[in-house]
Amino acid sequence: MTGKTLVHIIIAVMAVLLTSCHRTAPQRPSQRLNGSAPEADSASLAILTLNQKLAMSADDQLLNLMQAQEEKYALYEANTWMAILDRGDETEPVPQRNEEWTIRMKIYTLEKELLVDTEQSYTIGKEELPEGVENNLGYLHRHGKARLLVPWYVGYGVTGTKEVEPYENLIIEIELK
């Protein structure tokens, strides 16, 4: 194959690729009438506003609960109140991203109804744990224990789980094994 033939083949392939590329259809103009938001935008805004109000209510509820407790709580990562019951063996490292740790976890409603009692291995940073738990593991060493007051939005969120209702604020006790 000569150099000229190779150039012609490359040009032909490029031409086919360029002409066969799918162009995105132009976006329809906004359905705004006299500056008002379309229905989809107002529904999204309503949902966002509702979730913000629910989040503020959750924060107030957990603040009130925290103030009524005997343990000393502090506000830690992910807007979670935590009482460190035992930091654990400080000669041991704290959990790091991509490490596997066995964690004993008890999950309660704010009325102290036990929902989950489990001990299993989790890989840190893989979103296997609620954000309010995972973001605070770095304050504990092996055998460390803590009680967390976790708002729904960094717990199990709007979907919940089989055991945890959507929008459920939680008390979560953890122990690093």
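Just so you know, these numbers come straight off a predicted model, no measurement behind them.

### A short note on the side chain of Thr 123
One can find Thr 123 in strand β4 (residues 114-123). When its relative accessible area of 18% is taken as the criterion, Thr 123 is described as buried. Apart from residues no more than four positions distant in its own chain, Thr 123 is found in contact with Asn 98, Glu 99, Glu 100 and Glu 128.

### Observations regarding the packing of aromatic side chains
Using the criterion set out here, one finds three aromatic pairs in the structure. Plain terms: the ring middles of Tyr 76 and Tyr 139 are 4.7 Å apart, the flat faces sit at 75° to each other, and that makes the pair edge-to-face. With Tyr 76 in strand β1 (residues 74-76) and Tyr 139 in the loop between α3 (131-134) and β5 (145-150), the pair connects residues that are 63 residues apart, well separated along the chain. An aromatic cluster of at least three residues, connected via ring pairs, comprises Trp 152, Tyr 153 and Tyr 167. When the ring centre of Trp 101 is taken as reference, the NZ or CZ atom of Arg 142 above it lies at 4.5 Å.

### Topic: a nonpolar patch on the surface
Together, Leu 50, Leu 54, Val 158 and Tyr 167 give the surface a local cluster of nonpolar side chains, amounting to about 330 Å² of exposed area. Mapped onto the fold, Tyr 167 is located in the loop between β5 and β6 (170-176). Here Tyr 167 falls in the partly exposed class, since its relative accessible area comes to 35%.

### Looking at the sheet that holds β5
Read across the open sheet, the six strands follow the order β1-β2-β5-β6-β3-β4; overall the sheet is antiparallel. The strands lining the two open edges of the sheet, one partner per strand, are β1 and β4. Here the average twist between neighbouring strands, direction ignored, is 30°. Pairing of strand β2 (residues 80-86) with β5, which is carried by five bridges, proceeds in the antiparallel orientation.

### What to know about the environment of Met 66
Here Met 66 shows up in helix α2 (residues 39-67). Residues within four places of Met 66 in sequence aside, it is in contact with Tyr 73, Trp 81 and Leu 149.

### Considering the nonpolar core
Ile 103, Met 105, Leu 137, Ile 172 and Ile 174 are the most contacted members of the largest nonpolar core, which has 22 residues in total. Those elements that provide at least two residues to this core are β3 (100-108), β4, β5 and β6. Residues within four places of Ile 174 in sequence aside, it is in contact with Ile 103, Arg 104, Met 105, Val 133, Leu 137, Leu 140, Gly 144, Lys 145, Ala 146 and Leu 148. In this structure, Leu 62, Met 66, Leu 149 and Ile 171 belong to the second largest nonpolar core, which totals 10 residues.

The rules behind these values
Residues numbered from 1 in each chain as written. Predicted model: local features only at pLDDT ≥ 70, side-chain atom pairs only at ≥ 80, totals over all residues. Heavy atoms only, no water. Helix = DSSP H or I, 4+ residues; strand = E, 2+ residues; numbered from the N terminus. Buried < 20%, exposed > 50% of the residue type's maximum accessible area, 1.4 Å probe, protein only. Contact = heavy atoms within 4.5 Å. Phe/Tyr/Trp six-rings, centres within 6.5 Å; stacked < 30°, edge-to-face > 60°. Lys NZ or Arg CZ within 6 Å of the ring centre and 35° of its normal. Patch = residues over 30% accessible without salt bridge, like charges linked within 9 Å, V, L, I, M, F, W, Y side chains within 5 Å. Areas by Shrake-Rupley, 256 points an atom, 1.4 Å probe, with all protein chains shown as cover. Salt bridge = Lys/Arg side-chain N within 4 Å of Asp/Glu carboxyl O. Pairing = 2+ DSSP bridges. Axes fitted to C-alpha atoms, helices over the stretch in contact; angles between N-to-C directions. Core = buried A, V, L, I, M, F, W, Y, C linked by side-chain atoms within 4.5 Å.

Function cannot be read off these values alone, since they describe shape.
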